[in-house]
Amino acid sequence: MAELRIKTLVKRFSQASGAVLALDGIDLDIPSGGFTSIVGASGCGKSTLLRIIAGLEGDFAGEVSLDGRPVGGPGLDRGMVFQEHRLLPWLTVEENVAFALNGPTPAEVRELVSEHLELVGLGSFAKAYPGQLSGGMAQRVAIARALVNRPRVLLLDEPFGALDAMTKIIMQQEILRIWEAEHITMVLVTHDIDEAVFLGDQVVMMSARPGRVKAVLPVSLPRPRDRSSPHFIDIRRHIFGSFFAEAEETFAYAI
Amino acid sequence: MSGDIALTRTIAAAPPDSGAGRRTALLSGLGRTALYVALPLAVIALWQGLFELGLIRPILLPPPTRVAQAFWTLGLSGELPRHVAISLLRVLEGFAIAALAGLLLGLAIGLSKKVDRACDLLIQLVKPIPPIAWIPLAILWFGIGEAAKVYIIFLGAFFPILVNTVDGIRQTDQRFVELARILEVPRRRFILKVVLPGALPAIMTGLRVGVMVAWMCVVASELIAASSGVGYLIMDARQLSQTDVVLVGMITIGAMGKLLDSLLKRLERRLITWKTSFGGQ
Ligand SMILES: Nc1ncnc2c1ncn2[C@@H]1O[C@H](COP(=O)(O)OP(=O)(O)O)[C@@H](O)[C@H]1O
Ligand SMILES: [Mg+2]
């Protein structure tokens, strides 16, 4: 089965204060076409994991492969959306999306760009500059830019972390709509348990220092999911519980 | 369409179409202009006042009225415009060559570690030499013709433009570098769409500093070896003890420098519309 496979992944950073073990033996299978949420506290290595999958970090031990081929660097089969939109402020919305396109003729570029701006609901903002957009709109453009090369996997690193609560909920619905329209594999990192359960087919729980996979929880709730349904709340409580228990343990250990 | 779709940069206030609104706008405009010219006017008034009180000798510092008179005579006779035009032409020639060379070499150094390493020592050694120290050599090489002055101006303007261009390129946002890697953006597009626009503010700063230095260099070189130009006008007047003409030359230099800087500032605003910088409180 075509998928993203991570085997005994270990990543160390050397800092002034000594070596930091950011990821310690991550084993993870991310099924093709699915929506995987990865949830964990800040500093547990979520970004590092995504950056390794994206090919931005070299120098790790273990294996990362997509469809059986090892990942050795960046590639257009993997798109990435960062927490900050990273739009070039001197380019318009459409130029920012076109910035990602390498091969096609100008006519094809126009076609692809407008198609993807429509997909994220920003067709009428093609000529606007990033400075004129709200945070949610800018993140939509970033998503369009990441999708325009039709990657197999879209990696999202806390893409809605900086948005207000209302916009965040809208964007969560939007990303599901886009996922269903594009049939691609989604890997979304978040520190928001509610978001992880609302979006994921499976929720990967990570623990911090060193970063490890604590548990993988399949979520088989039908979509659209009702955040106030008993089943949804059950799953959320379960995840809260396991993070909370860990916190209590460390606390007990400290005294 | 969802709720976050809204242009955030809207025009805040309605146009002041009421009579009162227009008056307030006019007054605040006048206030700003008044604030802008108050200090120079005060300096002129003080200067004239000291003269009227007999506290300064006109041979050392003629009063503003006499300087204005000299301005008028030199302007009408066409002598001042002629000298200004000659100096300005030299500045533009030297500056244009410096801008071209500084930008090209700056790009090469900024983009290539090897070129940087190869050029660094020589640049570090030549940069501290004041352009004026080159005048004797320039006269030996080029005589006292135009080429010597253009060469001095070139040297003066070249280094600020070079250094700022390299700095601007080096300050390319690391996050955009990563983005370009993820998207496999070819090098050419990366330079055109990421590096150059990002470096543009620094490049404009370099050009503005360069034009200022060019203006200083033209006058310095004309003071020493020339038979025309504003620097020559000053030197010639000094020998004839025409202090008022010396001042006319100095004030002209100041005004021309300010004019060129304003032009470049306007160009900068036109090129860099996306940047909102701190303008003071
Ligand atoms: N470039 C780096 N150099 C040194 N240490 C790093 C670097 N990137 C991340 N780290 C460290 O690795 C750990 C995990 O970081 P990160 O993956 O950013 O966590 P998260 O995204 O879950 O908040 C942190 O302790 C962080 O300090
Ligand atoms: Mg992170």
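Note that the structure is a prediction, hence the values are computed from the model and not measured. (Residues numbered from 1 in each chain as written. Chains lettered and ligands numbered in written order. Predicted model: local features only at pLDDT ≥ 70, side-chain atom pairs only at ≥ 80, totals over all residues. Heavy atoms only, no water.)

## A short note on the overall build of chain B
Alright, step 1. Tallying secondary structure elements over chain B gives 10 helices and 0 strands in all.
Alright, step 2. When the helices and strands of chain B are placed in sequence order, the string is α-α-α-α-α-α-α-α-α-α.
Alright, step 3. Here the C-alpha atoms of chain B give a radius of gyration of 25 Å, more than 25% beyond the 19 Å that 2.2 N^0.38 yields for 281 residues.
Alright, step 4. When its C-alpha atoms are laid out on the principal axes, chain B stretches across 75 × 65 × 30 Å.
Alright, step 5. Evaluated residue by residue, chain B yields a buried proportion of 38% over its 281 residues.
Alright, step 6. Intrachain contacts of chain B at a sequence separation of at least 6 include 72% that bridge at least 24 residues.
Alright, step 7. As displayed, chain B has an accessible area near 16900 Å², and 68% of this comes from carbon and sulfur atoms. (Helix = DSSP H or I, 4+ residues; strand = E, 2+ residues; numbered from the N terminus. Rg over C-alpha atoms; globule rule 2.2 N^0.38 Å. Buried < 20%, exposed > 50% of the residue type's maximum accessible area, 1.4 Å probe, protein only. Contact = heavy atoms within 4.5 Å. Areas by Shrake-Rupley, 256 points an atom, 1.4 Å probe, with all protein chains shown as cover.)

## Some details on the interface of chain B and chain A
Alright, step 1. Each partner contributes to the interface: chain B provides 25 residues, whereas chain A provides 35 residues.
Alright, step 2. Of the roughly 2800 Å² buried where chain B meets chain A, counting both sides, 64% is carbon and sulfur surface.
Alright, step 3. Linking chain B with chain A are 3 salt bridges.
Alright, step 4. At the boundary of chain B and chain A, one finds 11 residue pairs in polar contact (both at pLDDT 80 or more).
Alright, step 5. For the side of chain B that touches chain A, the secondary structure elements donating two or more residues are helix H7 (174-182) and helix H8 (187-224) of chain B.
Alright, step 6. Broken down by element, the side of chain B that touches chain A gets its largest block of residues, 6 residues, from H7(B).
Alright, step 7. Here the side of chain B that touches chain A is composed, by residue class, of 13 nonpolar, 4 polar and 8 charged. (Buried area = accessible area lost by both parts, 1.4 Å probe. Salt bridge = Lys/Arg side-chain N within 4 Å of Asp/Glu carboxyl O. Polar contact = N/O pair within 3.5 Å; in protein donor to acceptor, adjacent residues only side chain to side chain. Nonpolar A, V, L, I, M, F, W, Y, C, P; charged D, E, K, R; others polar.)

## Looking at the site of ligand 1
Residues and elements named next belong to chain A.
Alright, step 1. What surrounds ligand 1 is the set Phe13, Gln15, Val20, Ala22, Ala41, Ser42, Gly43, Cys44, Gly45, Lys46, Ser47 and Thr48.
Alright, step 2. Contacts to ligand 1 include Gly43, whose backbone N or O atom sits 2.6 Å from an oxygen atom.
Alright, step 3. Gly45 has a polar backbone atom sitting 3.1 Å from an oxygen atom of ligand 1.
Alright, step 4. The protein chains hide 67% of the 560 Å² of surface that ligand 1 would expose on its own.
Alright, step 5. Put simply, the parts of the chain that give the shell around ligand 1 at least two residues each are strand S1 (3-15), strand S2 (18-31) and helix H1 (46-54).
Alright, step 6. At 3 residues, H1 tops the list of elements feeding residues into the shell around ligand 1.
Alright, step 7. Class assignment for the residues of the shell around ligand 1 results in 5 nonpolar, 6 polar and 1 charged. (Near = heavy atom within 4 Å.)

## A short note on the side chain of A:Arg145
Alright, step 1. Locating A:Arg145 in the fold gives a position in helix H4 (residues 135-147).
Alright, step 2. There is no salt bridge for the buried A:Arg145, and the closest opposite charge comes from A:Glu84, which lies 8.1 Å off by N-O distance.
Alright, step 3. When neighbours within four sequence positions are excluded, A:Arg145 is seen to be in contact with A:His85, A:Arg86, A:Leu87, A:Asn96, A:Val97, A:Ala100, B:Leu179 and B:Leu183. (Lys, Arg positive; Asp, Glu negative; His and termini not counted.)

## A few points about the environment of A:Phe82
Alright, step 1. By secondary structure assignment, the location of A:Phe82 is in the loop between strand S6 (78-81) and helix H2 (93-98).
Alright, step 2. The residues contacting A:Phe82, other than those within four sequence positions of it, are A:Leu56, A:Gln139, A:Asp157, A:Pro159, B:Glu178, B:Leu179 and B:Ile182.

## Structural notes on the pairing of strand S3 (residues 35-40) of chain A
All names here are of chain A.
Alright, step 1. Counting buried residues in S3 gives 6 out of 6 residues, a clear majority hidden from the surface.
Alright, step 2. Inspection of the sheet shows S3 paired to strand S9 (residues 202-207) by 5 bridges, in the parallel sense. When the bridges of S9 are listed, Val39 appears paired with Met205. (Pairing = 2+ DSSP bridges.)

## Looking at the domain arrangement of chain B
All names here are of chain B.
Alright, step 1. Taken domain by domain, chain B consists of domain 1 (16-56) and domain 2 (64-271).
Alright, step 2. On a C-alpha basis, the centres of domain 1 and domain 2 stand 32 Å from each other.
Alright, step 3. Put simply, domain 1 and domain 2 have 0 salt bridges between them.
Alright, step 4. Applying the counting rule to domain 1 against domain 2 returns 2 residue pairs in polar contact (both at pLDDT 80 or more).
Alright, step 5. Tallied by class, residues from the side of domain 1 that touches domain 2 come to 4 nonpolar, 1 polar and no charged. (Domains from an automatic or database assignment.)

## Side note on the sheet that holds strand S8 (residues 185-190) of chain A
The strands that make up a sheet are held in pairs by hydrogen bonds between backbone atoms, and each pair lies either parallel or antiparallel.
Residues and elements named next belong to chain A.
Alright, step 1. The strand order S6-S7-S8-S3-S9-S10 describes an open sheet built from 6 strands, whose pairing is mixed. One side of each edge strand has no neighbouring strand; the edge strands of this open sheet are S6 and strand S10 (212-218). For this sheet, the mean angle separating the axes of adjacent strands, direction not counted, is 20 degrees.
Alright, step 2. Strand direction decides the pairing type here: S3 and S8, joined by 5 bridges, are parallel. Directly across from Val39, in S8, lies its bridge partner Thr190.
Alright, step 3. Docked against the sheet, H1 engages S3, S6, strand S7 (153-157), S8 and S9, running at close to 150 degrees with respect to S7. (Axes fitted to C-alpha atoms, helices over the stretch in contact; angles between N-to-C directions.)

## Re the packing of aromatic side chains
Alright, step 1. In this structure the tally under the stated criterion is 9 aromatic pairs over all chains.
Alright, step 2. A ring pair is formed by A:Trp90 and B:Phe176, whose centres lie 6.1 Å apart and whose planes are at 75 degrees; its orientation type is edge-to-face. Within this pair, whereas A:Trp90 is found in the loop between S6 and H2, its partner B:Phe176 is found in helix H7, the two belonging to separate chains.
Alright, step 3. According to the relative accessible area criterion, A:Trp90 is buried, its value standing at 13%.
Alright, step 4. Residue class for B:Phe176 comes out buried when judged on its relative accessible area of 8%. (Phe/Tyr/Trp six-rings, centres within 6.5 Å; stacked < 30°, edge-to-face > 60°.)

## Some words on the packing of helix H3 (residues 79-111) of chain B against H8(B)
Residue and element names in this part refer to chain B.
Alright, step 1. Orientation of H3 relative to H8, taken along the N-to-C sense of each, is 145 degrees, at an axis distance of 8 Å. The chirality of how H3 crosses H8 is right-handed. Taking contact as the criterion, the partners of Ser87, Leu88, Arg90, Val91, Phe95, Ala99, Leu103, Leu107 and Leu111 in H3 are, on H8, Arg187, Ile191, Val195, Leu196, Ile203, Leu207, Gly210, Val211, Ala214, Trp215, Val218 and Glu222. (Left-handed = near helix turned anticlockwise from the far one by under 90°.)

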